[in-house]
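Close look at the chain arrangement
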Amino acid sequence: MNLDHSTDIEGDTESIYVSRLCTDIAVLIWDLPGAMRASTKCVLESKEQPVPLVSLNIPLETGGHRVLWAMRTKDEPIGLTLSAGSLGPTEQTLLYPAAELPHLDVDRAVNNLSAAGHIKLLTNLLSTWRSMFRLSQNQVFASVVREVALALAPEPRKVRVCAQPLEGQHLLETAIDPELGDVTSIYAIGSNSVSALPSKFVIGSRVRKGWQPCHLLVESAKTLPQSFHIILTGKNGVAIRELTDREAAPGDFQKWWSKNQAHPELREFLVRQLAQIPAAGIATAIDMQMRMPLTAKQIAKSQTHPAAEIDLALALNGGLLVGGWTHDPSSMLAGIEYLTEEGRILPLKPNFYKFAGKTEAREDGLGADVTGFVAWVPQTSSAGPVLQPRFQMRLTSGATAPLIPPLQPFEPAAQRNRILRAVPPQHARSEVFENILAPALTEVERKLGKTVRIADTKEFGVMPAAPLVSIVVPLYRNLDFLRFQLSAMATDPWLVANAELIYVLDSPEIQEDTEHLLGGLHLLHGLPMKLAIMNRNGGYARACNAGASLASGTVLVMLNSDVVPTEAGWLGPLVEPLLEEKKLGAIGPKLLFEDGSLQHAGLYFAPDRRNVWLNHHFHKGMPGNYAPAQIARTVPAVTGACLVTRKDIYDLVGGFTEDYIIGDYEDSDLCMKIRQIGFQIAYQPAVSLYHFERRSIRRSPDYMRGLASQYNSWLHTKRWNKDITELMTTYVDEAADETVTDFVAEKSKRSAA
């Protein structure tokens, strides 16, 4: 086969060079004289126009231009006309099938190119030509690209494999010239491939001997190939790096990390990248910080100079929640700033709130007066589980001083606990919730919800096959009233005949004690029951929803573990109205304190001084036989301590909303959702139960009564303000008899009898 078709070029000019790039791709190079202007548009024309066709115009060192066309060849030769405009030369040549053309002579292709022109050719090969002709896995193309790169940098700097943080993740280290500018893309050249790598790199801020450290995280299921080059393209050029056999063997990651963990940019880069890998990556990112935490840095309080400390710094997916204190006796403090992994400096504004505070107690029993603050810095991308974000205090002079918080919690429940301590309860204003705390709490509650599930279920006895009613009782640590509650149910013939009993243990650490107690009570009373054990504490709403998911009854009863019936037969009068009244969505009984006084006769809403709607109980504290509390009627809502609804309605509204904290306002929220779809809520005084109020909540170490309750009431108001405002026009005063409406009078009389 004759691969020399130079005599077929009309005029036998040496300005045109046609060769084979690979497979069926040809490259045509046309050198134009120096008199041509850079703006001249060169055109390649043919009766059978090659598709695809890409072109590149590069200035030559000696003047003039080199135009390169890459195209897919035909099975037969085709004629090409090359034109450099009306004032430029015109040439003609034949394009033969690629198999009949000589291999591309890289030396000839790059001869007489300036460094900028050479870089332009290389970057076009890596990007446009590679993608246009789908040459990522072409061995010949990979060889050409490597030759072009090595012609530019015959002895490239080395890149070495530091370690493998995870299987399939290779951490590489090299150095780059600061003049490279912002790195825009990274390519890897192997023996058989040219591929674009994800931009997983970090460049250190410290310059040593004119070079900046650069670390890359490369994903490869196999050991990196023996012949491996990396090309970083930057704003002002390219950096070509070579991996050799000696540098290809990874070291122990823990040993390497112990020597390099203090470099802040590298630390945060690895945390963010590894955290994108589920399970193992997240665990590694957290472990590497826990094993070797940074030393916390604060600026000590002084009589004359500014001081500051960051003690809260939760890096979440949506942003950064920051809290701490400052002291500025001489008005020299300009602000506190967050230092991102990318090197950006972000002020803690505008979502910033200050309040009067004190530092920790001293030996004399007093704390120093300081200005506390809490701030929310929104982020468009997650920083990963960074447990010690970096900050700095900036003075009005422009000087800065570093601030590093202590190790922060990463587990959602612990993060929620810290958020609930971010602001004193007296400073929990609506704008603080709206702009600062709510974004953090919403995300943490969502993360917590994803970790909660039913870990196991256990049945005591044979559960009823087709119960009319499912009673769901969430258990959290408090088992004090369980034997009384269960004994009352076991001696209730209607309940035994019609109901199934489902306990949900929301504190799995007491599983053994709970199973032992329920097992004994089952042996004593013979009442069958089911126990669902959650894998972790997820809160009241999640426990109730988990129990409801196991329920098979038509009617659903949500019952607190500290609620005990006063007598048998209590459940029927609550169930019957739900089955017979089409517009009734939920019903609740009368609840009594231990001394027989009223705890609940229906729930209503009243605004506080900040116009936040709070939950109140009709006639609370009045005698149990207080006349207004003996009227069966519709009410705004009923308490979740004993809330009876239909299972289909419960499922339709999505059960209890799970973004309230711990266990507060979920019941009124559920009632509002039921009202929203057109159903009514009723109170039935013919049924009385004792409620030993809030025993479980008091046992929760996470329940910061002030801030959590205020957040829940704020969230509830934000969600339902318009509906509650309209609803409460009917229930103006809990003591006004004329504000209540009769509810199914005949049924009430029959139930009472």
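So, a few notes on the structure that sits alongside this text.

Conventions adopted
- Numbers given to residues run from 1 along each chain, matching the order in which its sequence is written.
- In view of the model being predicted, local features appear only for residues whose pLDDT reaches at least 70, and side-chain atom pairs are presented and counted only at 80 or more, with totals across whole chains, interfaces and linings using the full set of residues.
- Calculated side-chain values reflect all of the structure's heavy atoms, with hydrogen atoms and water omitted.
- To get an axis, a line is fitted to the C-alpha atoms, and for a helix only the part in contact is used. The angle between two axes follows their N-to-C directions and goes from 0 to 180 degrees.
- A helix here means a DSSP run of H or I that spans at least four residues, while a strand means a run of E at least two residues long, and both kinds are numbered starting from the N terminus.
- An angle below 35 degrees is treated as roughly parallel, one above 145 as roughly antiparallel, one from 65 to 115 as roughly perpendicular, and anything else as oblique.
- Helix crossings get a hand from a simple test, with the near helix turned counterclockwise from the far one by less than a right angle marking a left-handed crossing and a clockwise turn marking a right-handed one.
- We call two residues contacting when some pair of their heavy atoms lies within 4.5 Å.
- Classes in brief: Ala, Val, Leu, Ile, Met, Phe, Trp, Tyr, Cys and Pro nonpolar; Asp, Glu, Lys and Arg charged; the others, Gly included, polar.
- One side-chain nitrogen of Lys or Arg within 4 Å of one carboxyl oxygen of Asp or Glu is enough to make a salt bridge.
- Any residue under 20% of the maximum accessible area for its type is buried, any over 50% is exposed, and the rest in between are partly exposed; the area is computed with a 1.4 Å probe on protein chains only.
- Whether two strands pair depends on DSSP finding at least two bridges between them.

**So, the packing of helix α7 (residues 412-419) against helix α8 (residues 430-451)**
- Closest axis-to-axis distance for the α7/α8 pair is 9 Å, and the angle between their directions is 160°. In terms of their interaxial angle, α7 and α8 are classed as roughly antiparallel. Pair α7 / α8 crosses with left-handed handedness. Residues Pro412, Ala413, Gln415, Arg416 and Ile419 of α7 form the contact with α8, whose participating residues are Leu437, Ala440, Leu441, Val444, Glu445, Lys447 and Leu448.
- The residue makeup of the contact of α7 with α8, split by class, is 8 nonpolar, 1 polar and 3 charged.

**A look at the pattern of salt bridges**
- Taken as a whole and judged by the stated rule, the model has 20 salt bridges.
- Residue glutamate 445 pairs with arginine 542 through a salt bridge whose shortest N-O separation is 3.1 Å. Remark: arginine 542 occurs in helix α12 (residues 540-550) and glutamate 445 occurs in helix α8; sequence separation between them is 97 residues. With respect to class, glutamate 445 is no different from arginine 542; both count as buried.
- The partner of arginine 477 in a salt bridge is glutamate 509, with the nearest N and O atoms 3.2 Å apart. Of this pair, arginine 477 sits in the loop between β26 (469-475) and α9 (482-490) while glutamate 509 sits in the loop between β27 (499-505) and α11 (511-525), and the two are 32 residues apart along the sequence.
- Among the residues examined, arginine 477 registers a relative accessible area of 34% and is labelled partly exposed.

**Considering the sheet that holds strand β6 (residues 78-83)**
- One open sheet accounts for 3 strands, arranged β3-β6-β7; its pairing is antiparallel. Each of the sheet's edge strands pairs with one partner strand only, and the pair in question is β3 (43-45) and β7 (90-95). The mean inter-strand angle of the sheet, taken between neighbouring strand axes irrespective of direction, is 25°.
- Sheet topology note: the β6/β7 ladder contains 6 bridges and is antiparallel. Within β7, the position partnered with threonine 81 by the bridge is glutamine 92.

**Overview of the sheet that holds strand β9 (residues 160-166)**
- Strands sit in the order β9-β10-β14-β13 across an open sheet of 4 strands; the sheet is antiparallel. Lying at the two open borders of the sheet, with one neighbouring strand each, are β9 and β13 (201-203). Across the sheet, the axes of successive neighbouring strands diverge by a mean angle of 20°, strand direction being ignored.
- When strand β10 (residues 169-176) meets strand β14 (residues 212-219), the two strands line up antiparallel, connected through 8 bridges. Following the sheet pairing, glutamine 169 is matched in β14 by glutamate 219.

**Focus on unusual backbone geometry**
- Note that the residue after valine 51, namely proline 52, is joined by a cis bond; omega there is -5°.
- Structurally, proline 52 can be placed in the loop between β3 and β4 (53-59).
- Following lysine 349, the chain continues into proline 350 via a peptide bond in cis, with omega recorded as 10°.
- Tracing the backbone shows proline 350 in the loop between β20 (345-347) and β21 (352-358).
- Of note, the phi angle at asparagine 611 is positive, near 60°, even though the residue is not glycine.
- Within the secondary structure, asparagine 611 sits in the loop between β33 (603-607) and β34 (613-617).
- A residue is classified by how much of its surface remains accessible, and asparagine 611, at 58% relative accessible area, is exposed.
- Unusually for a residue other than glycine, histidine 619 sits at a positive phi of about 60°.
- Looking at where histidine 619 falls in the secondary structure, it is placed in the loop between β34 and β35 (633-634).
- Classification of histidine 619 as buried rests on a relative accessible area of 9%.

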